[in-house]
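Secondary and tertiary structure notes
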Amino acid sequence: MAKWLVKTEPSECSIDDFENAKDQTIPWDGVRNYQARNFLQEMAEGDDVLVYHSSCKHIGVAGIVRVVTSAYPDPTQFREDSPYYDPKSTPEKPRWQAVDMAFEKKLPRLIPLDEIKSLPGLDGLALIRRGNRLSVMPVTEEQWRIILANA
DNA sequence: GCCAACGTTGGC
DNA sequence: GCCAACGTTGGC
């Protein structure tokens, strides 16, 4: 099973939204960056994902969700009324992918970004590379262990 | 609200 | 295919 980290603005979709949805799944859509999309495509059912809250008061890793589908064409790219509409996408040649995710758990406490930055052994993690804007990224077993050991 | 860093776009 | 202009991300 691969492991991942996704960024989200909690005002859009937070770990609490997942928890409140409980048995339902939430589509992870609206990703409009090719590198991030490629990672979405690599995701498989059963993969674990760290949920990172960005652009908010308490920035950091807030919980874990699970991938419950493989990637499929992101329906929002075809909807003209969606902020994620992409006129260059067609159902025959979709540009963007989505996966469905389900709540796994909320961490006992949020692990703040500055704490993650201070942990040794995370130099390779895209999240803390300077100027990084990637919203979907792989996490190695080692990085996963280091981050969660701090929860 | 600021602004550095980055990705994308489009003219040439 | 280059690169300047522009828009967006995201921490501070």
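In the block above lies the structure referred to throughout.
Summary of the structure given here. Treat the numbers as computed from the prediction; the structure is a model and nothing was measured.

1. Topic: the protein's contact with DNA strand C
Near DNA strand C, the surroundings consist of Lys7, Tyr52, Ser54, Ser55, Ile59, Leu113, Lys117 and Arg133. Backbone atoms, meaning sugar plus phosphate, form 76% of the atoms of DNA strand C positioned within 4 Å of the protein. Here a phosphate oxygen of DNA strand C and a backbone polar atom of serine 55 are 3.0 Å apart. For DNA strand C, a base oxygen lies 2.9 Å from a polar atom in the side chain of arginine 133. Residue composition of the surface near DNA strand C, grouped by class: three nonpolar, two polar and three charged.

2. Focus on the protein's contact with DNA strand B
Around DNA strand B, the neighbouring residues are Asn33, Tyr34, Lys88, Arg130, Gly131 and Arg133. The sugar and phosphate moieties of DNA strand B supply 68% of its atoms located within 4 Å of the protein. Residues belonging to the surface near DNA strand B are distributed by class as follows: one nonpolar, two polar and three charged.

3. Focus: the state of the cysteines
Here the structure, examined in full by the defined rule, presents zero disulfides. Left without a disulfide partner, cysteine 13 is nearest to the cysteine sulfur of cysteine 56, which lies 13 Å away.

4. Comments concerning the packing of aromatic side chains
Scanning all chains against the criterion turns up three aromatic pairs. The interplanar angle of 55° and the centroid separation of 6.0 Å between the aromatic rings of tryptophan 4 and phenylalanine 39 together place this pair among those described as tilted. Of the two residues, tryptophan 4 is situated in strand E1 (residues 3–8) and phenylalanine 39 in helix H2 (residues 34–42); the sequence distance between them amounts to 35 residues. For the pair tryptophan 4 and phenylalanine 39, a shared accessibility class is recorded, and that class is buried. The aromatic ring of tryptophan 144 is capped on one face by lysine 3, whose charged end is 4.9 Å from the ring centroid.

5. Observations regarding the pattern of salt bridges
As enumerated under the stated definition, the model contains seven salt bridges in all. The salt bridge involving aspartate 48 is made with lysine 3; its shortest N-O contact spans 3.6 Å. Taken as a pair, aspartate 48 in strand E3 (residues 48–53) and lysine 3 in strand E1 lie far apart in primary sequence, 45 residues in all. In terms of burial, aspartate 48 and lysine 3 fall into one category: buried. With a shortest N-O distance of 3.2 Å, glutamate 104 and arginine 66 are connected by a salt bridge. Placement of the pair is glutamate 104 in strand E6 (residues 97–112) and arginine 66 in strand E4 (residues 60–67), with a sequence separation of 38 residues. Among the residues examined, arginine 66 registers a relative accessible area of 32% and is labelled partly exposed.

Rules used throughout
Residues numbered from 1 in each chain as written. Chains lettered and ligands numbered in written order. Predicted model: local features only at pLDDT ≥ 70, side-chain atom pairs only at ≥ 80, totals over all residues. Heavy atoms only, no water. Near = heavy atom within 4 Å. Polar contact = N/O pair within 3.5 Å; in protein donor to acceptor, adjacent residues only side chain to side chain. Nonpolar A, V, L, I, M, F, W, Y, C, P; charged D, E, K, R; others polar. Disulfide = S-S within 2.5 Å. Phe/Tyr/Trp six-rings, centres within 6.5 Å; stacked < 30°, edge-to-face > 60°. Helix = DSSP H or I, 4+ residues; strand = E, 2+ residues; numbered from the N terminus. Buried < 20%, exposed > 50% of the residue type's maximum accessible area, 1.4 Å probe, protein only. Lys NZ or Arg CZ within 6 Å of the ring centre and 35° of its normal. Salt bridge = Lys/Arg side-chain N within 4 Å of Asp/Glu carboxyl O.

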